[in-house]
Amino acid sequence: QVQLVESGGGLVQPGGSLRLSCAVSTSSWIFRISTMGWYRQAPGKARELVATITTGGTTNYKDSVKGRFTISRDNAEKMVALQMNGLKPEDTAVYYCYGDLGGGSWGQGTQVTVSS
């Protein structure tokens, strides 16, 4: 059974940084050929795409996070990271790791709160 476990969330002041990590338990082959991504869901809002990274390392970002967030992957460690800089209150949400992984799998989410 595929499992995705996020970590790294927390409370940060506006302008601060956080690094989210997602550890994936699956075969190295499945991870290597899967597109991975981060989504977020704020209270009362729909879940939205934040960033994705393909098997070849091509990245895609939500417009509002371009230039502030960076997604990366480590195929050897089967991990995906989201470096978030210049955080704003509107970035407050539960952040979810997602992977194609042969059928689509989600992590349990990690809370990010940006507040002074």
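Colleague: Help me understand the pattern of salt bridges in this model?
Modeller: Here the idea is simple: oppositely charged side chains can pair when their charged atoms come close. A complete count under the given rule lists five salt bridges for this structure. In this structure, Arg40 engages Asp91 in a salt bridge whose closest nitrogen and oxygen atoms are separated by 3.0 Å. Here Arg40 is found in strand 4 (residues 36-41), whereas its partner Asp91 is found in the loop between strand 8 (79-84) and strand 9 (93-99), with 51 residues between them in sequence. Taken individually, Arg40 and Asp91 each receive the classification buried, so the pair is uniform in this respect. Measuring nitrogen to oxygen at the nearest pair gives 3.2 Å for the salt bridge that ties Glu48 to Lys62.

Colleague: Explain the packing of aromatic side chains here, please?
Modeller: To describe a pair of aromatic rings, one takes the distance between the centres and the angle between the planes. Enumeration over the complete set of coordinates arrives at four aromatic pairs. For the ring pair Tyr96 and Trp106, a centre distance of 6.4 Å and an interplane angle of 90° mean the geometry is edge-to-face. Of this pair, Tyr96 sits in strand 9 while Trp106 is found in strand 10 (residues 105-106), placing the two residues ten residues apart along the sequence. Overall, the relative accessible area of 38% leaves Trp106 in the partly exposed class. Aromatic pair Tyr98 and Trp106: ring centres 4.7 Å apart, planes at 55°, arrangement tilted. Taken together, the aromatic side chains of Tyr39, Tyr96, Tyr98 and Trp106 make up a single cluster linked through ring pairs. Stacked on the ring of Phe31, the Lys or Arg Arg73 has its end atom at 4.8 Å from the ring centre.

Colleague: Would you mind going over the pairing of strand 8 with me for this structure?
Modeller: On a regular strand, one side chain projects to one face of the sheet and the next to the other, so that they alternate. Pairing geometry for strand 3 (residues 18-25) and strand 8, over six bridges, is antiparallel. Opposite Leu20, over in strand 8, you have Leu82 as the bridge partner. By the bridge criterion, six bridges tie strand 7 (residues 69-74) to strand 8 in an arrangement that is antiparallel. Across the sheet, residue Ser72 finds its bridge partner in strand 8, namely Ala81.

Colleague: Any chance you could explain the state of the cysteines here in plain terms?
Modeller: Working definition of a disulfide: a covalent bond connecting the sulfur atoms of two cysteines. Taken as a whole, this structure holds one disulfide when the rule is applied. Residue pairing for Cys22: its cysteine sulfur links by disulfide to Cys97, the two sulfurs lying 2.2 Å apart. Taking the sign of the S-S torsion, -85° for the link of Cys22 and Cys97, the bridge is left-handed. With Cys22 in strand 3 and Cys97 in strand 9, this pair connects stretches of sequence that are 75 residues apart. Cys97 carries the same exposure label as Cys22, and that label is buried.

So, how was this worked out
- Residues numbered from 1 in each chain as written.
- Predicted model: local features only at pLDDT ≥ 70, side-chain atom pairs only at ≥ 80, totals over all residues.
- Heavy atoms only, no water.
- Salt bridge = Lys/Arg side-chain N within 4 Å of Asp/Glu carboxyl O.
- Helix = DSSP H or I, 4+ residues; strand = E, 2+ residues; numbered from the N terminus.
- Buried < 20%, exposed > 50% of the residue type's maximum accessible area, 1.4 Å probe, protein only.
- Phe/Tyr/Trp six-rings, centres within 6.5 Å; stacked < 30°, edge-to-face > 60°.
- Lys NZ or Arg CZ within 6 Å of the ring centre and 35° of its normal.
- Pairing = 2+ DSSP bridges.
- Disulfide = S-S within 2.5 Å.

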